[in-house]
Structure formats: C-alpha cells, structure tokens
Amino acid sequence: MLIAVLSGFIVACIVPLIFKLNRKVAGALLSILPLSLFIFYLQFLPNVLAGEKILTTFYWIPSLKINLNFMIDGLNLLFALIISGIGFVVYLYASAYLAKSEKIVPFYIYISIFMASMLGVVTCNNTLALFVFWELTSISSFLLIGFNHEQERSRYAALQSLLVTAGGGLALLASVIIIGQIAGTYEISQMSAFHSNLINNALYPSILILFLIGTFTKSAQFPFHFWLPNAMEAPTPVSAYLHSATMVKAGVFLMIKFLPILGGTELWMWLLGGFGGWTMLMASTMALKQTDLKRLLAYSTVSVLGTLTMLIGLGGEKAISAMIIYLFAHSLYKGALFLTAGIIDHETGTRDIRNISGLRKYLPITALIGVLAALSGMGIIPFIGFIGKEMLYETALLSGQYSTLFITISVISAVNIFAVMAYSGILPFFGEYKSPSEHVHEAPFQMTSGPVAFALLGLVSGLFAGSTVDGLTNKALQSIFPSASHHLALFHGFNLPLLLSALTIVVGLIFVLNRKSLVEFIEKIRIPEYFFPSKWYDYIFNGTLSFAEIQTKFLQNGHLRYYIFTILALFILLVGGSFFGFNTSGSILNAFAISIERSIAGIDIYDISMLITVLIASVFALLSQGRLSAIASMGIVGALISLIYIIYGAPDLAMTQLSIETLSVILFVLVLYKLPRFFTYSKLKTRIRDLVIALAFGSIFTMIIIFVSAYGKFDTGLSEYFAQTSYLIGHGKNIVNVILVDFRGFDTMGEITVLSIAAVGVYSLLRLRKQGGEQ
Amino acid sequence: MEFVLAIIVGILATSAFYLMLRRSLVKVILGMVFLGNAVNLTIFSVARVTKGLAAFIPENASTLEGTYADPLPQALILTAIVIGFGTQAFAIALFRKAFQKVGDDDLDKMNSTDIMCNEDIPGDK
C-alpha cells in the first residue's frame, strides 16, 4: 500500500522522460497509473464488504511516532476509489485538453504528485504523516492553480490558496500534536478510545478550533471560502479534480474521520452546523449571480461543502449516511459538469453563459453529459443526487429543536443549487444557437468518455441504489458508526421530504426562467466591502507586507554604522543588564575590590607605562586627522600588545603579534599613503553619542574580565594534560607550539586554509583592478 | 595584573567601536584591527595570567610542573591573530578596490549597488 501511494511521486519523476519518448501517447500512457491504482484499491472491496479493515505498517521515524501506516476501511476505500477513478478520467481528459500546450509535462508532474498526496491523506492512519500529505496537496494545488503563471491573476490566486490552506494546515498540525499528547497515540484508528478524555480535557475548545481551522480552510468553509472561486484560474481538469471532487473534500473527510474522536459535543455541533449551514446558504446565493461557467460551479461546490460540513455537525447516523451519499453524488455530477465546462471553453473560447446557447447542435454528446449531470445535481428523480437530497431533508427535519432553521436553509440552498445547475449544465445547450467561435465541433473521445461515464453512473447508481452503492457506502458509514446501517432506495413513499423536493423543483424552475430579474435582485443587495473575508485576506496580506517594509527600512537601512550601533546597543542592554542582576555571588564593586587587591602587588612600572601608552596611542588614533598618523598609532598599540605578551609569558604570541603588526602597517601604508586626510563627516553630537556607546561597550569588556578574575573558577585540566604530555607524546618542549602543530593540528590546517582563501581573495581583487585600468 | 589588562582591554574595545561607528571606511578597518586585539587580550586575561613564566619544558625535564603561563589560550590566540591578519588584508584590498570605484571612503556613498558605478553605465551621467 505504501508503494501504491508513493507510485505517484515516482511517476512524477519520469514524466519528462515519457514525453520525450513519445509525446502523442504519453498522456494515455500516464493514465494507466490512476487506472491501475483504481484496480489496486478495488481488489480490497470484497474484504471491506466482508467487514474487514486492512492495516499496513511502515516505520518511518518511530522515535517521533511518525509512521507511514495505511489503513483501508469503508470510508477510506470510498475516497481512494473516488480519487483514483476521477484521476483516471482527468488524466485521459487532459491528454487531449492540453495536447497543444507546452506545459503539459509540468501538468502531469504536478497532478501525479497531487494524486499521490491525496491518496496518502485518505488512507494514512498516522496523523503526523497525514499532515505531510495534507500539506503536499496544498503545495501541488498551488502549483496547479498558478499553472498559467504569466497571468497575474493566476499568481495571486495560487498564492492566496497556498497561504490559506497551508496556513490552515499548520493549525491542523498543532491540533493533531495536542491530540497525540493527550491520547498518547498518533494512530487515528486508536484514537476513538480516548474520546471522553479528549472532549473533557480543558484544551478541548482549542483543539477543536485549531482542527477546524485546518479543515475549514481546506474545504473552503466561511470565512475561508474565498480562495476556491479564485482557484478557478487553474486549467479545467484541475478544477474538476482538485477543486471539486477531491482536495476540497479532504477537510470534510478529516471531519468525518474525527467525528468519533472529537465530535458529539455541543461545540462541535454548533461550529460545524453553524459555519456549514451559513456557507451553504451564502455560497449558493452568491453562485446565482455568476456568469462564468467555472465560477458558477465553484460557488456551488462551496455550497455543497457547506452542506456536508453541516451534516457532519448534526452528527448522528442518519446525517452521516446522508452526507456520504451526498458527497458521492456530488463528486460524480460536479466532476462531469466541470469537464463539460472545459469542453465548452475549449470549443467556443468562452465560459461566459451570456454568450453561449443552443450548443447541442454541435456538441450533442457534451449536451447529453451536461443535462444528465445537471439533473443529478438538481436532485431530480431517479438520479443519485435525488437520494442525497431526500436524505439531507430527512436529516434536517430530524435535527431536534432547530430543525425549522436547518430545513429552511437546506431548502433555500437546494433551490439555488437547482437554478445554478440549470444555468451551467442545461441552458448553454438549449435555445437559439449562439457562440463567439465559428468552429465549434465535438470534443475528442478522450475528453467525452470520462464525463459520459460519470453522468451515466449518476443515473445508474440512482436507479439501482440498493444494489450498487449501498454496500460500500454502508461500510463507509460503519467505519464511523460500527453498528449503523442504511438501506438506500429511490422511493421512500409520500412524505414531507418528497413534498419539499417538489417545492424545490417548482421554485427552482421559477428561478431558472427568470434569471435576469433574479440576478438584478441579488445585485441590489449591497454589502460593504469590509464584510468580505476576501478583503480581510487582502488587508492582512498587505498589512504584513507594509510591516515588513517598515521593519526592513528601520533595521536594514543600508548604513553599516547603524547596524553596528544596533548590535552594540543590544549587547550593552543584555550583557550589561545581566551584571546588575548579578547578586547571587557578589556585586560589581565587590568584584572590583577583589580584583584590585589581587593585582596590586604584581603591578609594576611596566604595567603603568604600558597602560598610559596604550591610552595615548588609542586617543591619538581616534582623533587623528591624518591617515598615516592613525595607522602609526595602530602600529604602536599592536607593538605594545606584543610587549604585554612578552611580559606575561607568551613569547610565541609576542613574535607573531609583532610580525603581523608590522605587515599590517606596511600593507595599510602601501594602500593608503596617497589618500587625502580624513574628512570629518559627522557632527559633534553624533560623535559624542558614539563615544558614549563605545565607552559603555569597553566598560562591559573590562567588567567581564574583572568578574572572571574575581569569581571565575578556572579549569586547568586540559592545560595540565598538555604540560604533562607535550614532550612525552608530542616530542616538543615549547608547549604552545606542540598544541598548534600536533595536538590541534587540524585547527592549524583550517587556519592555513582560511589564510590561503584570503590570499586568493586579495590577489583577485588586485588583478581586478589591473583589468579595470586597462578598460 | 588582571586589573591592568582589564583596563587596557576596555580602552581598546572603546576605541574599536568608536572607530567602527565612523563613516570613513579606513577608520572602520582600523576599528576591526583594534577589536581583534581587544578580543585576543580578553581571552588572554581570563585565563591564568602569570608574569615571565612561559610554557616551556625545562632543558632536562620531560614534563612541566609548578606555575606556568596557560598554553591553551595562547595557542587559540595565535590562530586568531593570524586569521585576523588574513581578514584585515582582505579588507584592505577590498577597500582599495572600492575607493577606486567610488573615489571616496565614505560608507554612505557605498550603500547602493549602482550609484557608485555611474561612469560604467553609458548614457547615465
């Protein structure tokens, strides 16, 4: 099963190769991948129908409990079949749809990565590994939305979807980690045992909200819904696959999966029921006024996702069984409608429903698909969509004290969806022929066969619901409620849901026939811009950018001295501040006293004269106007330091220091002797400020040494080891030398390397000058 | 003894950062040299400091006993001095190059990638 999931990633790597070999059949060849995956998952069907759960284990990072464990139960299998099945159709469809596009290779790479990740999401049993797949779907979705990256709108939509969904993914990660901490396991199949621990935990509200941020962003629930209509910038096969049938359902999938783990509380019901219901109502209303085929479908997808979320919120066996059927029906008819929209776009060059009508004359097969799919979406008997809608009504009617509210919004949304389905699947094909393009002809076999299958499947599964989808959907239901079962039937007798269905159709027909006045009516509803979550996104996005800009201007101002200034100020604040908090073993004054007392006996005339000379030379270096005199002062300071090394028993250091200092002075003089005197750039006030800062820094250095010498405990172990062994092991009597060339010989080698690099750098800089001179 | 060293380090560090806060690039490089010396001396003085007792093993002995200057920080400082020189030499060469391009050692004229190269761009004054 691991290989099945990973196969998409592997195929993604060899896509360019396949296209190099034979461009014509490459697309068809690649469609074998989803087809074989479909067959692979299908072979689990008998076991699953027998009530088995198949679990495979692969230890990835066991110490962190991150394992690639996969599980197949009814629900997972249903999703895996939807993903690989629709995947097959989309692969085939795209081979014709993008046949002339130069970007067909990246398309297949991205979509293979997506399919693999999506299969990972729906079969993975480990929440941490699931998170990895989850974010991979966001990334591949980002790549696919930004497919036409020359267009700014595509880039904007791609970035928006990535920020929203991947950001939500991080919230999800936080929540699965907390769940893992409480339950002690990251395996989904073991978590439901900890249901009561989780919902009674004080952290429960934050777990749930983080979890829902993750799933709501992915499944485009209010207030995160806005990215989905914008994602329609992607090529149509992508919209059909990712943004209606699979990826956006990942959030819904996870919510059903976690219903036995986090659900069953008031908070769960209100958050999911409330946001889901509102999303359903709002999106279906907004869909009515769209004129772009794909945006029509996108808003109706958001609305359906809202319905699914609401049903999960209502919980209960009936609600989940309704939800599964509704989801299955939607994947079929929405996939088909998107692919039809793609054909219309491909053949007529437009997706604006005001510019097309009567297309059935030239696109008979497409028209058939559109009509069949739309009828299923409208919930007309005998399509599977009808059963889904009946079950939705039934659940809403049974939802307790607020059933009036839920049934009202369900019916209104269903009416809206009814109209939207007609606008997108039926109206373009009827009436007087109208098309902006003159060469409209039926799409090739690769593009029509898949949607035809979807449309017919919607009809067949509706007509023979009891004998076709009943089995697997029952098992899917049972993976949430082990003892539940449902019996699908097309006709439930004359009851309230049937009456409501009739009402839906009647009002829906009125909407369809009066599209113009309806749109005018909706357009009249004016809502201030700042109420739209998409505007909030823009505000936050632009706000972050401006904040970054201000902060960058402040910190990265391009003036070296301000950088140094910032570093110094921070150092003084932190290190200097810690001295004043140093009360445990002694105060600053105490340290001074100890240090002076210890040192006073050893101080002689050399020390005093050195101190005074260093002071004079440094002050001279600071104030000098001439470059040469400043360099000379620097040389004096260097020479004095080598004197210090001599006095304090470090002859090697003294030698090195003296020769290096001499070399430095020579180098400086060689480069600088021609230059004019220093020019005073800064004002007196600035110089005083700098002096104060520098003095504070210097004092901190002094204080550090005094503190260390007063209180520090010196570990001489290593030095003693060197003193003992330098002759016996290293065969040298000068211990410092032996350390350098023997004990720490590798350090010295590193040092030599640094010097060589510096030498190369200096040499090339000087060469560069010569060439510059020649020009 | 440490006290005197501490004061000297303080003077050097103060000069180093005062110089590094200047606008003249030459002064900044001078500041780096000062800072290098200050840091080396700091390492030197936080170890065991003795006067006149170098870490040499006597002629007729095979190990060093008693009081002696700590050899370990000395070895580290020796490396630091040499590397410091490498950096310094590179900085000076870089300065020379920059001065030729900009014609000035004012850092404020070097904080853009193109104004300094005006003469290189045809049609740009």
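Residues numbered from 1 in each chain as written. Chains lettered and ligands numbered in written order. Predicted model: local features only at pLDDT ≥ 70, side-chain atom pairs only at ≥ 80, totals over all residues. Heavy atoms only, no water.

## As for the overall build of chain B
Consideration 1: Secondary structure assignment for chain B yields three helices and zero strands.
Consideration 2: Mapped in sequence order, the helices and strands of chain B form the string α-α-α.
Consideration 3: Counting the 125 residues in chain B, one finds 60% classified as buried.
Consideration 4: Sequence-distant contacts, at least 24 apart, represent 47% of the contacts inside chain B between residues at least 6 apart.
Consideration 5: Accessible surface computed for chain B: about 4,700 Å², of which carbon and sulfur atoms make up 63%. (Helix = DSSP H or I, 4+ residues; strand = E, 2+ residues; numbered from the N terminus. Buried < 20%, exposed > 50% of the residue type's maximum accessible area, 1.4 Å probe, protein only. Contact = heavy atoms within 4.5 Å. Areas by Shrake-Rupley, 256 points an atom, 1.4 Å probe, with all protein chains shown as cover.)

## Some remarks on the pattern of salt bridges
All names here are of chain A.
Consideration 1: Applying the stated rule across the entire model yields ten salt bridges over all chains.
Consideration 2: For the salt bridge of Arg354 with Asp352, the shortest nitrogen-to-oxygen distance reads 2.9 Å.
Consideration 3: Across the salt bridge formed by Arg689 and Asp690, the nearest N and O atoms sit 3.2 Å from each other.
Consideration 4: Taken together, the shared-partner salt bridges connect Asp292, Asp345 and Arg351 into one network. (Salt bridge = Lys/Arg side-chain N within 4 Å of Asp/Glu carboxyl O.)

## So, a nonpolar patch on the surface
Residue and element names in this part refer to chain A.
Consideration 1: Residues Phe521, Ile525, Ile527, Tyr530, Phe531, Phe532, Trp536, Tyr539 and Ile540 make up a contiguous nonpolar surface patch of about 1,000 Å² in total accessible area.
Consideration 2: The greatest single-element share of the nonpolar patch, amounting to three residues, is contributed by helix α26 (residues 533-555).
Consideration 3: Tracing the chain through its elements places Tyr539 in helix α26.
Consideration 4: Looking at Tyr539, the relative accessible area reads 46%, which means it is partly exposed. (Patch = residues over 30% accessible without salt bridge, like charges linked within 9 Å, V, L, I, M, F, W, Y side chains within 5 Å.)

## Remarks on the nonpolar core
Consideration 1: Grouped together as the largest cluster of nonpolar side chains are 194 residues, with contacts concentrated most on Tyr41, Tyr108, Ile111 and Leu262 of chain A.
Consideration 2: At 19 residues, helix α18 (residues 317-348) of chain A tops the list of elements feeding residues into this core.
Consideration 3: Core analysis: the second largest hydrophobic core is formed by 88 residues, Ala723 of chain A together with Met1, Ile11 and Val28 of chain B among them. (Core = buried A, V, L, I, M, F, W, Y, C linked by side-chain atoms within 4.5 Å.)

## Some remarks on unusual backbone geometry
Residues and elements named next belong to chain A.
Consideration 1: Of note, the bond from Phe222 into Pro223 is cis; its omega dihedral lies within 30 degrees of zero at 0 degrees.
Consideration 2: Tracing the backbone shows Pro223 in the loop between α11 (204-218) and α12 (227-230).
Consideration 3: Of note, the amide linkage connecting Ile381 to Pro382 takes the cis form, showing an omega dihedral of 5 degrees.
Consideration 4: Along the chain, Pro382 falls in the loop between α19 (364-378) and α20 (384-397).
Consideration 5: Its identity as a non-glycine residue notwithstanding, Ala220 has a phi of 55 degrees, on the positive side.
Consideration 6: Assignment of secondary structure puts Ala220 in the loop between α11 and α12.
Consideration 7: We classify Ala220 as buried; its relative accessible area is 0%.
Consideration 8: In this model, His731 sits at a positive phi of 55 degrees, which is unusual for a non-glycine residue.

## Section: the layout of surface pockets
Residues and elements named next belong to chain A.
Consideration 1: Considered as a void within the structure, the largest pocket measures approximately 910 Å³ in volume.
Consideration 2: Along the wall of the largest pocket there are 33 residues; nearest its centre are Met282, Met286, Lys289, Ile527 and Phe532.
Consideration 3: Those elements that place two or more of their residues in the lining of the largest pocket are α8 (152-183), α12, α16 (266-288), α17 (293-314), α21 (403-426), α25 (515-524) and α26.
Consideration 4: In terms of residues, the lining of the largest pocket owes the most to one element, α16, which gives six residues. (1 Å grid on protein atoms, 1.4 Å probe; cavity = no way out; pocket = protein on both sides within 12 Å on 5 of 7 lines; lining within 4 Å. Points joined across faces, edges and corners; volume = space filled by probe spheres on them.)

## So, the packing of helix α5 (residues 74-97) of chain A against helix α13 (residues 236-245) of chain A
Residue and element names in this part refer to chain A.
Consideration 1: Interhelical geometry of α5 versus α13 gives an angle of 165 degrees and a closest axis separation of 9 Å. What the angle tells us is that α5 and α13 run roughly antiparallel. Seen from above, α5 lies across α13 with left-handed handedness. Contacts from Ile82, Ile83, Ile86, Gly87, Val90, Tyr93, Ala94 and Tyr97 of α5 reach α13 at Thr236, Pro237, Tyr241 and Ala245. (Axes fitted to C-alpha atoms, helices over the stretch in contact; angles between N-to-C directions. Parallel < 35°, antiparallel > 145°, perpendicular 65-115°, else oblique. Left-handed = near helix turned anticlockwise from the far one by under 90°.)

## Comments concerning the confidence of the model for chain B
Residues and elements named next belong to chain B.
Consideration 1: With 88% of its residues at a pLDDT of 70 or more, chain B has an overall mean of 81.
Consideration 2: Here residues 115-125 scores under 50 on pLDDT; set against residues more than four positions off or in separate chains, the count is ten contacts.
Consideration 3: Reported confidences for the modelled complex are a pTM of 0.73 and an ipTM of 0.87. (pLDDT = per-residue confidence, 0-100.)

## Quick notes on the confidence of the model for chain A
Consideration 1: Put simply, chain A has an average pLDDT of 87, and 97% of its residues get 70 or more.
Consideration 2: Taken element by element, chain A is modelled with least confidence in helix α28 (residues 588-600) of chain A, mean pLDDT 76, and with most confidence in α11 of chain A, mean pLDDT 93.

## Side note on empty space enclosed by the protein
All names here are of chain A.
Consideration 1: Inspection of every chain in the model, using the stated rule, returns five cavities of 30 Å³ or more.
Consideration 2: Roughly 110 Å³ of internal volume is contained in the largest cavity.
Consideration 3: For the largest cavity, the lining is made up of 15 residues, of which Tyr326, Tyr333, Gly377, Gly385 and Lys389 are closest to its centre.
Consideration 4: At the level of secondary structure, the elements contributing two or more residues to the lining of the largest cavity comprise α18, α19, α20 and α21.
Consideration 5: The class makeup of the residues in the lining of the largest cavity is eight nonpolar, six polar and one charged.
Consideration 6: As a volume, the second largest cavity reaches approximately 40 Å³. (Nonpolar A, V, L, I, M, F, W, Y, C, P; charged D, E, K, R; others polar.)

## Digging into the environment of Met115 of chain A
Residue and element names in this part refer to chain A.
Consideration 1: Along the polypeptide, Met115 turns up in helix α6 (residues 104-123).
Consideration 2: A residue is classified by how much of its surface remains accessible, and Met115, at 0% relative accessible area, is buried.
Consideration 3: Sequence separation of Met115 and Ile356 is 241 residues, and the distance between their C-alpha atoms is 33 Å.
Consideration 4: In this structure Met115 touches Leu33, Pro34, Leu37, Ile83, Gly87, Tyr91 and Tyr241, once residues within four positions along its chain are discounted.

## A short note on the packing of α5 of chain A against helix α22 (residues 445-463) of chain A
Residues and elements named next belong to chain A.
Consideration 1: With their axes 7 Å apart at the nearest point, α5 and α22 run at an angle of 155 degrees to one another. Comparing the axis directions of α5 and α22 gives the class roughly antiparallel. In this structure, α5 meets α22 at a crossing whose hand is left-handed. Between α5 and α22, the contacting residues are Ile86, Val89, Leu92, Tyr93, Ser95, Ala96 and Tyr97 on the first element and Gln446, Met447, Ser449, Gly450, Pro451 and Phe454 on the second.

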